[in-house]
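Tertiary structure, described
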Amino acid sequence: MSFRLEDFKERVFSIASEFKGERMGLVGLSIIIFILIVALAAPFLASGVDGGWADRARWEDNPRLAEPSWADYILPGSRAPHDIRDTPDEYIEEARRVTQVYNYENEYDYTLSDIQVRAHGFASVPSIADAEDQDVVLTVTLERPDGNDITFISGERESVSFPENETTGTFTRNFRMRSSDARDTLYSFGQDFHDPDIEMPEQGQITERSIAFAKADGNILVDPEPLKGTYNLTIEVRPTGEIEEFGLDEDESRVIFGGRKYGLMGTDYYRRDLTLGWMWGARWALIIGGVVSISSVAIALLYGMTSAYYGGWVDEFMQRLNEILIGIPMFPILIITLYILGTSIWIFVALYTILGWRGLAKIIRSRGIQIRQDTYVEAAQALGSSGGRVITRHMIPQILPYAIAEGALMVPMVIIAEAGLAVLGLGDPGTVTWGRMLSEAHGANATVNGQWWWVIFPGIGITLVGFAFIATGMALERVINPKMRQR
Amino acid sequence: MPASFKYFLLRSLNALIVLIVVVFIISLVFNTLSDEMADEIISEEVHAYTMGLDPELTPEERAEAVREYRQERIDHYGFDDPIWERIFRTTYNTLTFDLGHSTSGYNYGVGDSAVSSIIMHFLPRTILLFTTAAIIYILLGIAVGLKAAQVAGSKLDKALSLFSITTSSMPMWWVGMLAILIFAYQLGWFPTTAFPFPDETGWAYYRGVLHRMAMPLGTIVFVLFGGRAWGTRNMVTSVLQDDYIMAARAKGVPERRVIYGHTLKTASPPIVTSAILAFLLSIGGAMITEIIFNWPGMGYLLRNALLQTRDVPTIMGIVFLTTILWVVGYWLADLLYGYLDPRVEVGAEKQV
């Protein structure tokens, strides 16, 4: 058998050396290698993202709807970066008051999308008898460069919770500039400066978050202009009642200045890092495209070659059966079956494979009939090789390169089909695919709101992989059989 | 029996078998889920019945009446029948276009709850959008393809190759999303949503519809015409290498006549059939494109039925309709191919 293997190797080498002359094919192959590297890196660089995509808590610290970091280079204006502060710039302790101060330098045209504060502190009382119903008083203020301060939380009581039989307890207060209370504060702040000659806009018509960093002029509500300079965010705590010692915990407290740009591809409405999702999208695209096309090609090879080898009524029967299968429409079958059996990605892969091989099997059979008449096939038969052996050892290797090219051309169709089903709500909720990202973008009206980064990158992924496989497959076809090019 | 008639019979028989097999599969899948659905439908009906009962009745009488009514409804739908009987009945009903009633509750704003009426309400919009697009992209594709074939190897030809590979790697509806970003959001030329249709009458109404149709139409044409052009180009160039074309050229037949007369005559069967098949294959993508643009057609109905109302009879109806369209289209493509290319005979592929 060894001489046959040598033959096969030689053929592969000759195809490879000719392939080097195909420019488009090489471009396609390089893209495939790039996507493959991203796909292999996903579990390491973006571990847990696949299962944790829908987990809100996981993405809490990210900015919402931030553009890609490099947006400043291609689009007008500058965007505030995302800034997580674990330690305050100043910590002032006075007799009955502690204050944390965070400086923020605003030099951007597109100001912060959010401010998140987590104030965590401790308070102690003299005796265990006092360790209940104790409050601290909290104030959160944004001091602006123009002296018009905005007080988000004004002396609100926060109760201290004491562990049993202990005199020292803790308190936590979380704040977001996107909360409805804070938005009301910002709206009424803006109303103070609003030009009386302009009609007062309703609260639903404005973007409150830009008011905090806008020039205090008549246009603050209708057309806020960024106010540049140094801002101080102060968190002040005062004790009440029996509390003796108290303070803010430096390790547990923090402030997040929510940026307008983040990462390579930005973030979506749910604050998820689209770059990490994209990597998993690449991985799933290769997995579903690869598994479906490899298994479809394998079935098509076996089916087509068996039909060609045996001929007669076997061939007749297999071809009639195949014609019926070819008539079955893919799209409706996928919809109804996924809807009823559940939207697992593996059910999709199985269904697509079951219907994916039929067309290719027909072509392979017709070429198999030619191969069957070759002398070495007849020789193998004469030497007593069984049918299965002739098919797998002699006939399939002859047509394998062609089948691989056809398999490559199948990959984009699989990926596009999965993405389309995701838009119909038939995507797997446990995986991150490019289709799912796009369907979520559509669900959140990303196009209508101009959130281009959320729409563009997943689609570019699909197009890139599709292009790569088509270019490679076509180049491979040309190399294998220059005259056969028909598509 | 003439060979062409035999070809026709065999193709038709094949189409019929496929249709029955697919509807059978759909009915099978459908009925495996009907237990859950049965409870839902019946309890809704029983609830409505209880509301309308005579308040004078004693509790025992009420319970008896409700029990009887429930059994009556179960018998009506045949939910007690064996699964196989139900599957065959669904298959039969579907094949005779008896698609049942929507369980959506509001029937998507259509007056009638019959699935066939609902579909007939949404179908014309899909036909309007998709057939207009198909006519444009097929004609444009053939024209550009012929041009590229004449200048094979030129810059135009290479650009077309790149364009067709790129557009066939793109999900059609994603291009629609980009179109909304660019032409609706950024430039503001078109409305971001096609629905609701304009409130005007007469000329203003048609203008409004056209305005809403421009982007979805442009998207479908943009994505599909490149592939069509490339396919046409390849079929024509392969014919151009045939001996009789060389002979015609050698005789001094003008190049225009070589292309539009000799070549097109030979290349038209595959061009026509592949246009039909490409059209059929793109229906799924086109329906999702409708969703992106909020175009109130079949795609819109499908998405609502799948995601909002979980309305199985309507989903079944749409699935059945796309199946019919595919099978009939495939059958037509087969017949047309046989008609246009008389060399095709039954079993002709056996000789290779």
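What you see is a predicted model, and the numbers here were worked out from it, not measured in a lab. (Residues numbered from 1 in each chain as written. Chains lettered and ligands numbered in written order. Predicted model: local features only at pLDDT ≥ 70, side-chain atom pairs only at ≥ 80, totals over all residues. Heavy atoms only, no water.)

In terms of helices and strands, chain A carries 14 helices and 10 strands. Radius of gyration (C-alpha) of chain A: 32 Å, far over the 23 Å computed for a compact globule of 487 residues. By residue count, 54% of the 487 residues in chain A fall in the buried class. Surface summary for chain A: the accessible area is close to 21200 Å², and the carbon and sulfur share equals 54%. Charge centroids of chain A, computed over 42 positive and 63 negative side chains, lie 16 Å from each other. (Helix = DSSP H or I, 4+ residues; strand = E, 2+ residues; numbered from the N terminus. Rg over C-alpha atoms; globule rule 2.2 N^0.38 Å. Buried < 20%, exposed > 50% of the residue type's maximum accessible area, 1.4 Å probe, protein only. Areas by Shrake-Rupley, 256 points an atom, 1.4 Å probe, with all protein chains shown as cover. Lys, Arg positive; Asp, Glu negative; His and termini not counted. Charge placed at Lys NZ, Arg CZ, Asp CG, Glu CD.)

Residues and elements named next belong to chain A. Here we have five strands laid out as an open sheet, ordered 2-3-8-5-6, and antiparallel in their pairing. With partners counted over all chains shown, the strands left at the sheet margins are strand 2 (90–94) and strand 6 (150–159), one partner each. Adjacent strand axes in the sheet meet at a mean angle of 15°, parallel and antiparallel pairs treated alike. Across seven bridges, strand 5 (residues 135–143) lies against strand 6 in antiparallel orientation. Looking at strand 6, one finds that threonine 141 is bridged to threonine 151. (Pairing = 2+ DSSP bridges. Axes fitted to C-alpha atoms, helices over the stretch in contact; angles between N-to-C directions.)

Right, let's get into the interface of chain B and chain A. Often, the extent of an interface is quoted as the loss of accessible area upon association of its parts. Listed by partner, the interface residues are 53 residues for chain B and 51 residues for chain A. Regarding the contact of chain B and chain A, the summed buried area is about 4800 Å², with carbon and sulfur atoms giving 75% of it. Scanning the region where chain B abuts chain A turns up one salt bridge. Taking the shortest distance from any N to any O, the salt bridge between glutamate 323 of chain A and arginine 11 of chain B comes out at 3.1 Å. Linking chain B with chain A are five residue pairs in polar contact (both at pLDDT 80 or more). Broken down by secondary-structure element, the contributors of at least two residues to the side of chain B that touches chain A are helix 1 (3–32), helix 6 (155–168), helix 7 (172–186), helix 8 (203–240), helix 11 (283–293), helix 12 (298–308) and helix 13 (312–340) of chain B. No other element matches helix 1 of chain B, which puts 11 residues into the side of chain B that touches chain A. Each residue belonging to the side of chain B that touches chain A can be placed in one class, and the counts come to 36 nonpolar, 11 polar and six charged. (Contact = heavy atoms within 4.5 Å. Buried area = accessible area lost by both parts, 1.4 Å probe. Salt bridge = Lys/Arg side-chain N within 4 Å of Asp/Glu carboxyl O. Polar contact = N/O pair within 3.5 Å; in protein donor to acceptor, adjacent residues only side chain to side chain. Nonpolar A, V, L, I, M, F, W, Y, C, P; charged D, E, K, R; others polar.)

One can read the domain layout of chain A as domain 1 (5–54 + 274–486) and domain 2 (77–258). Placing a centre on the C-alpha atoms of domain 1 of chain A and another on those of domain 2 of chain A gives a separation of 55 Å. (Domains from an automatic or database assignment.)

A few words on the environment of arginine 257 of chain B. Of note, arginine 257 of chain B is situated in helix 10 (residues 255–281). When the C-alpha positions of arginine 257 of chain B and isoleucine 283 of chain B are compared, they lie 35 Å apart, and in sequence the two are 26 residues distant.

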